[in-house]
Amino acid sequence: MNCQNCGMNVDGNACCPRCGVPISNPVKYDYNHNRPMVRQGNPTKVLVYCILSLVLSRFGIVGMIFSILGFRKANAYIAAYGNISTQVQIARGLAIVGMVVGLIATFLWVFAIHYLIFR
């Protein structure tokens, strides 16, 4: 893509390196395959679900539900875009930890309720 003002090749930059004029709709290219790059999904949404799963895991089943949702969203992102996002890799780990902590918390809640009822 060339600058509309001076004609210099801008290589997908947001501004022209020569004259500084903003380029409308810059296109980023994957130089390995010589084609425009596909816009990746939003890995932050996946990370938010998995952080919520870890925070809510102390309540037992609620945290496990968020863990399962976050894990499924992470797997869907990986299936759609590949395993390229560090946020999604971290989110998957948080979802697994959230599931384990949620399972332990569920057993502790059941044990505590059983103890309170039958003591």
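Above this text sits the structure in question.
Before going into details, it helps to say that this report is about the structure given with it.

Analysis parameters
- Residues numbered from 1 in each chain as written.
- Predicted model: local features only at pLDDT ≥ 70, side-chain atom pairs only at ≥ 80, totals over all residues.
- Heavy atoms only, no water.
- Axes fitted to C-alpha atoms, helices over the stretch in contact; angles between N-to-C directions.
- Helix = DSSP H or I, 4+ residues; strand = E, 2+ residues; numbered from the N terminus.
- Parallel < 35°, antiparallel > 145°, perpendicular 65-115°, else oblique.
- Left-handed = near helix turned anticlockwise from the far one by under 90°.
- Contact = heavy atoms within 4.5 Å.
- Patch = residues over 30% accessible without salt bridge, like charges linked within 9 Å, V, L, I, M, F, W, Y side chains within 5 Å.
- Areas by Shrake-Rupley, 256 points an atom, 1.4 Å probe, with all protein chains shown as cover.
- Salt bridge = Lys/Arg side-chain N within 4 Å of Asp/Glu carboxyl O.
- Buried < 20%, exposed > 50% of the residue type's maximum accessible area, 1.4 Å probe, protein only.
- Phe/Tyr/Trp six-rings, centres within 6.5 Å; stacked < 30°, edge-to-face > 60°.
- Nonpolar A, V, L, I, M, F, W, Y, C, P; charged D, E, K, R; others polar.

## Some words on the packing of helix H2 (residues 61–81) against helix H3 (residues 86–117)
For any two helices packed against each other, the geometry comes down to the angle between their axes and how far apart the axes lie.
Step number 1: Where H2 meets H3, the closest approach of the two axes is 8 Å, and the angle between their N-to-C directions is 155°. On the basis of the axis angle, H2 is roughly antiparallel to H3. Regarding H2 and H3, the two cross each other, and that crossing is left-handed. Taking contact as the criterion, the partners of Ile61, Met64, Ser67, Ile68, Gly70, Phe71, Ala74, Asn75, Tyr77 and Ile78 in H2 are, on H3, Val88, Arg92, Ala95, Ile96, Gly98, Met99, Gly102, Leu103 and Thr106.

## Comments concerning a nonpolar patch on the surface
Step number 1: A cluster of nonpolar side chains, contributed by Phe59, Val62, Trp109, Ile113, Ile117 and Phe118, occupies part of the molecular surface with about 650 Å² of accessible area.
Step number 2: Mapped onto the elements, Ile117 comes out in helix H3.

## Digging into the environment of Ala74
Step number 1: Structurally, Ala74 is set in helix H2.
Step number 2: Given the relative accessible area of 0%, Ala74 is considered buried.
Step number 3: Each C-alpha atom, one on Ala74 and one on Ser85, is 10.0 Å from the other, the two residues being 11 residues apart in sequence.
Step number 4: In contact with Ala74, not counting residues within four places along its chain, are Val46, Val88 and Arg92.

## Some details on the packing of aromatic side chains
Step number 1: What the rule picks out here adds up to two aromatic pairs.
Step number 2: The interplanar angle of 50° and the centroid separation of 4.9 Å between the aromatic rings of Tyr77 and Tyr81 together place this pair among those described as tilted. Remark: Tyr81 and Tyr77 occur in helix H2; sequence separation between them is four residues, near one turn of the helix.

## Details of the packing of helix H1 (residues 43–56) against H3
Step number 1: Put simply, H1 and H3 touch, their axes get as near as 8 Å, and they point 20° apart. When the axes of H1 and H3 are compared, the pair comes out roughly parallel. Like other packed secondary-structure pairs, H1 and H3 cross with a definite hand, here left-handed. Along its contact with H1, which presents Pro43, Thr44, Val46, Leu47, Cys50, Ile51, Ser53 and Leu54, the element H3 presents Gln87, Val88, Ile90, Ala91, Leu94, Ala95, Val97 and Gly98.
Step number 2: Along the lines of polarity and charge, the residues of the contact of H1 with H3 split into 12 nonpolar, four polar and no charged.

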